[in-house]
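# Remarks on the overall topology
Listed here are the chains, written in short residue letters.
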Amino acid sequence: MKAFVITEKDKYGMQDIEVPEIGPDEVLMKMLASGICHSDYDLISGQYIIPFTYPVTPGHEFAAQVVKTGENVKNVKIGDRVVGECNIGCGVCPVCQIKAGFCPDANHFGFTQDGADAEYFKANGDWLHVLPENIDNMTGAMVETFSIAYKGIYEAGGVDAADVAVVYGGGSVGNCAVAALHAMGALVILVEPLDYKREIGRKMGADLVIDPTSQDVAAEVRKHSRGLGADLVVECSGNAGAMAQTLEVARNAGRVVFIGINFREDIPVALGKFQVKGITAIGSNGSPGVWERCIQFLSRTKLDLRPLMTHTFPLTEAVEAFEFTREPKNRAIKVILTNE
């Protein structure tokens, strides 16, 4: 079969490899659609957040069809269209008992083990969820991205029509957050410096878009929140300035959830604002524990995520797709490999 393989730092290409054998707890799947993520480039550059080894096939945002199941697998069957979790804790350690997603021994599908950027791939059956009929394959490949935004909002307490929510960052996760917040009923404000991402934000349901390079973000937010500030701030950019500004934008007794990741910079903030304003802030990583809720949310709201799917490539052109996606001039939001 054909697979996209990263062989060593900054070296990758298509290879002919064997179809994987499965164990009693595993499922063999045909990849239908697989999204390219920024973290895939961390694998290419050798800078992923936990240790991994080459060679590795990336691909953790997928929709697939089950073609074979191990004898112990009961939750999916041959022919099912499925999506799968990619950050899976051991389930028994003290950390997992407190909060899923922060397990020191977690499996990272598509990182520490081969992922979905191949004609066929395998995963543990317990990691998989069946797609409803009204979620197509392309949207299925977006479930992982959407679940990251959904989990952060859900863990922060969610929103309703009485709330003002601000999202920093108009990438794929940020605009999924816009879509989720809009579907929940909040007034949604997107803060994003790039015009094409702001335009997609409007399509995803943003009531107001702000260019932070030319507008006073805090003042604009107060203008649309009775002078109070945002009930919920969802930081998806990982930009140091944006992360610090969240404390200015949140209202007294407001909430902030940090989804965007920044490990490279020390970010000075006025920590006293947590106390003076009574802000509650959480860090959100991955999306364990919410996949079934997330799939039902997408199914029942019938959210249209197609504006985020800016480009598609066949799996056989994965090298070209990865090179295309990393080039800013191409204005890609979510690039999806297909194998139907």
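Residues numbered from 1 in each chain as written. Predicted model: local features only at pLDDT ≥ 70, side-chain atom pairs only at ≥ 80, totals over all residues. Heavy atoms only, no water.

Under an unreviewed UniProt entry, the name given to the protein is L-threonine 3-dehydrogenase, and the organism recorded is Christensenella hongkongensis.

So, about the overall build of the protein. Within the protein, the secondary structure is distributed over 11 helices and 17 strands. For 340 residues, the compact-globule estimate of 2.2 N^0.38 gives 20 Å, and the C-alpha radius of gyration of the protein, at 20 Å, lies within 12% of that figure. The buried share among the 340 residues of the protein stands at 54%. When contacts within the protein are restricted to residue pairs at least 6 apart in sequence, those whose partners lie at least 24 apart make up 69%. Carbon and sulfur atoms form 49% of the exposed surface of the protein, whose accessible area is close to 15,200 Å². Charge-centre separation for the protein: the mean point of 31 positive side chains lies 6 Å from the mean point of 43 negative side chains. (Helix = DSSP H or I, 4+ residues; strand = E, 2+ residues; numbered from the N terminus. Rg over C-alpha atoms; globule rule 2.2 N^0.38 Å. Buried < 20%, exposed > 50% of the residue type's maximum accessible area, 1.4 Å probe, protein only. Contact = heavy atoms within 4.5 Å. Areas by Shrake-Rupley, 256 points an atom, 1.4 Å probe, with all protein chains shown as cover. Lys, Arg positive; Asp, Glu negative; His and termini not counted. Charge placed at Lys NZ, Arg CZ, Asp CG, Glu CD.)

So, about the environment of arginine 306. Mapped onto the elements, arginine 306 comes out in the loop between helix H10 (291-301) and strand S16 (309-314). Sequence-wise, arginine 306 and glycine 170 are 136 residues apart; in three dimensions their C-alpha atoms are separated by 15 Å. Here the side chain of arginine 306 touches aspartate 304 through a polar contact of 2.8 Å, side chain to side chain. (Polar contact = N/O pair within 3.5 Å; in protein donor to acceptor, adjacent residues only side chain to side chain.)

Time to look at H10. Turn by turn, an α-helix covers 3.6 residues, leaving residues three or four places apart pointing in a common direction. Among all positions of H10, only Trp291, Cys294, Ile295, Phe297, Leu298 and Ser299 are buried. In this structure, the buried residues of H10 make contact with strand S5 (81-84), strand S9 (128-130), helix H4 (143-155) and helix H5 (172-184).

Where H4 contacts H10, the axes come no closer than 10 Å and their chain directions differ by 105 degrees. Accordingly, the angle class assigned to the pair H4 and H10 is roughly perpendicular. Of the residues in H10, those touching H4 at Val143, Glu144, Phe146, Ser147, Tyr150 and Tyr154 are Trp291, Arg293, Cys294, Ile295, Phe297 and Leu298. The class makeup of the residues in the contact of H4 with H10 is nine nonpolar, one polar and two charged. (Axes fitted to C-alpha atoms, helices over the stretch in contact; angles between N-to-C directions. Parallel < 35°, antiparallel > 145°, perpendicular 65-115°, else oblique. Nonpolar A, V, L, I, M, F, W, Y, C, P; charged D, E, K, R; others polar.)

The strand order S12-S11-S10-S13-S14-S15 describes an open sheet built from six strands, whose pairing is parallel. A strand with exactly one partner marks an edge of an open sheet, and here the two such strands are strand S12 (208-210) and strand S15 (280-283). Each adjacent strand pair in this sheet contributes to an overall mean axis angle of 15 degrees, direction not counted. Sheet topology places strand S14 (residues 250-258) next to S15; four bridges connect them, and they run parallel. Across the sheet, the residue bridging to arginine 255 is threonine 280, located in S15. Packing of helix H8 (residues 240-249) onto the sheet brings it into contact with strand S10 (164-168), strand S13 (230-235) and S14, and relative to S14 it is tilted by some 155 degrees. (Pairing = 2+ DSSP bridges.)

Our next topic: the pattern of salt bridges. Scanning all chains against the criterion turns up 12 salt bridges. Between lysine 273 and glutamate 248 there is a salt bridge; the shortest N-O distance is 3.5 Å. Of this pair, lysine 273 sits in helix H9 (residues 272-277) while glutamate 248 sits in helix H8, and the two are 25 residues apart along the sequence. (Salt bridge = Lys/Arg side-chain N within 4 Å of Asp/Glu carboxyl O.)

A separate point is the domain arrangement of the protein. Looking at the assigned domains, one finds that the protein contains domain 1 (2-131 + 305-338) and domain 2 (148-283). Centre-to-centre separation of domain 1 and domain 2, based on C-alpha positions: 29 Å. Contact residues are listed per partner, giving 11 residues for domain 1 and 15 residues for domain 2. Interface area for domain 1 against domain 2, summed over the two sides, is near 1,100 Å², with a carbon-plus-sulfur share of 74%. Considering only the side of domain 1, the residues that lose the most area to domain 2 are Leu308, Arg331 and Ile333, jointly responsible for 47% of the buried surface there. Applying the counting criterion to the domain 1 and domain 2 interface returns one salt bridge. Between domain 1 and domain 2 we count one residue pair in polar contact (both at pLDDT 80 or more) in total. A class-by-class count of the residues in the side of domain 1 that touches domain 2 yields seven nonpolar, one polar and three charged. (Domains from an automatic or database assignment. Buried area = accessible area lost by both parts, 1.4 Å probe.)

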